[in-house]
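What follows is the residue order along each chain.
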Amino acid sequence: MQRAVEELSKLPGIGKKSAQRLVFYLLKLPREEIVALAKSLVDVKDKASYCSICFNITEKNPCSICMNDHRDRSTICVVEEANDVMAFEKTGEYKGLYHVLGGALSPLDGIGPDDLKIKELLARIKDEVKEIILANNPNVEGEATALYLSKLITPLGLKLTRIARGIPVGTDIEYADEITLTRALEGRMNY
Ligand code: ZN
């Protein structure tokens, strides 16, 4: 029991308490369900790899997005993690391609440009690509990464955009912090 708690609490966002709660929950499940869960985890580890074009997580290479003829090949949305691709795909609004960097620049954690798929992104920028959308996270590391990329991409002369940062839907302005409000003003659009 202690071992299961320890293993689970290594997962991101899971503390000792949550791990304990999960183990208690799992104990109540029939054995087959636990086996199915464990097997699905091993399967995903065995079968999933990275798309050699966009570095999204995929079971077949290249991934289904890169291989989809209906996607707009003139636009590449640059994100930090494969999770972000899933988030954009859920909107159903974006029809272009992606590029997963695999994180953000973070000198304090020893993560430099060579640790991210930046060279690979630049290699993808050919004639058919007309726009790069920077969708890095709106935190210190994400902003630093977006700035770094903008310096590399701007000289290439294609359209470079950054997703708007602003007030989350359902939040009142009075509760937004100053940075968010400033960004929302900067990112204002024609009505
Ligand atoms: Zn791909």
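Residues numbered from 1 in each chain as written. Predicted model: local features only at pLDDT ≥ 70, side-chain atom pairs only at ≥ 80, totals over all residues. Heavy atoms only, no water.

*Asks:* Help me understand the coordination of the zinc ion in this model?
*Replies:* Coordination of the zinc ion by the protein involves C51 (SG), C54 (SG), C63 (SG) and C66 (SG), with metal-donor separations of 2.3 Å. In this structure, the zinc ion is surrounded by 4 donor atoms whose angles at the metal cover 104 to 116°, and the resulting shape is tetrahedral. Linear spacing of the donor residues for the zinc ion on their chain is C-x2-C-x8-C-x2-C. Overall, C54 belongs to the buried group, its relative accessible area being 2%. (Donors = N, O, S within 2.8 Å, 3.2 Å for Na, K, Ca; no water. Tetrahedral: all angles 85-135°; square planar, octahedral: opposite > 155°, others 65-115°. Buried < 20%, exposed > 50% of the residue type's maximum accessible area, 1.4 Å probe, protein only.)

*Asks:* Would you take a moment to explain the environment of P62 for this structure?
*Replies:* Tracing the sequence through the fold places P62 in the loop between β2 (57–58) and α4 (64–67). Among residues more than four places away in sequence, those in contact with P62 are C51, I53 and M67. (Helix = DSSP H or I, 4+ residues; strand = E, 2+ residues; numbered from the N terminus. Contact = heavy atoms within 4.5 Å.)

*Asks:* Just checking my understanding: could you explain the pattern of salt bridges for this structure?
*Replies:* Pairing is possible between side chains of opposite charge, provided their charged atoms come close. The final tally for this structure, using the stated rule, is 9 salt bridges. The residue R165 makes a salt bridge to E143 at a minimum N-O spacing of 3.1 Å. Here R165 is found in the loop between β6 (159–162) and α8 (178–186), whereas its partner E143 is found in helix α7 (residues 140–153), with 22 residues between them in sequence. Judged by its relative accessible area of 23%, R165 falls in the partly exposed class. (Salt bridge = Lys/Arg side-chain N within 4 Å of Asp/Glu carboxyl O.)

*Asks:* When you look at the nonpolar core in this model, what are you seeing that I'm missing?
*Replies:* Side chains that are nonpolar tend, in soluble globular proteins, to be buried together. In terms of nonpolar packing, the biggest core is built from 30 residues, with I76, C77, V78, I132, L149 and I153 touching the most fellow members. No other element matches strand β3 (residues 72–79), which puts 4 residues into this core. Discounting residues that sit within four places of it in the chain, I153 has contacts with L121, L122, I125, I132, L158 and L160. (Core = buried A, V, L, I, M, F, W, Y, C linked by side-chain atoms within 4.5 Å.)

*Asks:* How should the environment of A104 be read in this particular structure?
*Replies:* On the secondary structure map, A104 appears in the loop between β4 (96–100) and α6 (118–124). Residue class for A104 comes out buried when judged on its relative accessible area of 12%. It is 6.3 Å that separates the C-alpha atoms of A104 and E80, two residues lying 24 residues apart in sequence. Contacts of A104, omitting those with residues within four sequence positions, involve E80, I111, L116, E141, G142 and T145.

No statement about biological role is implied by the geometric values presented.
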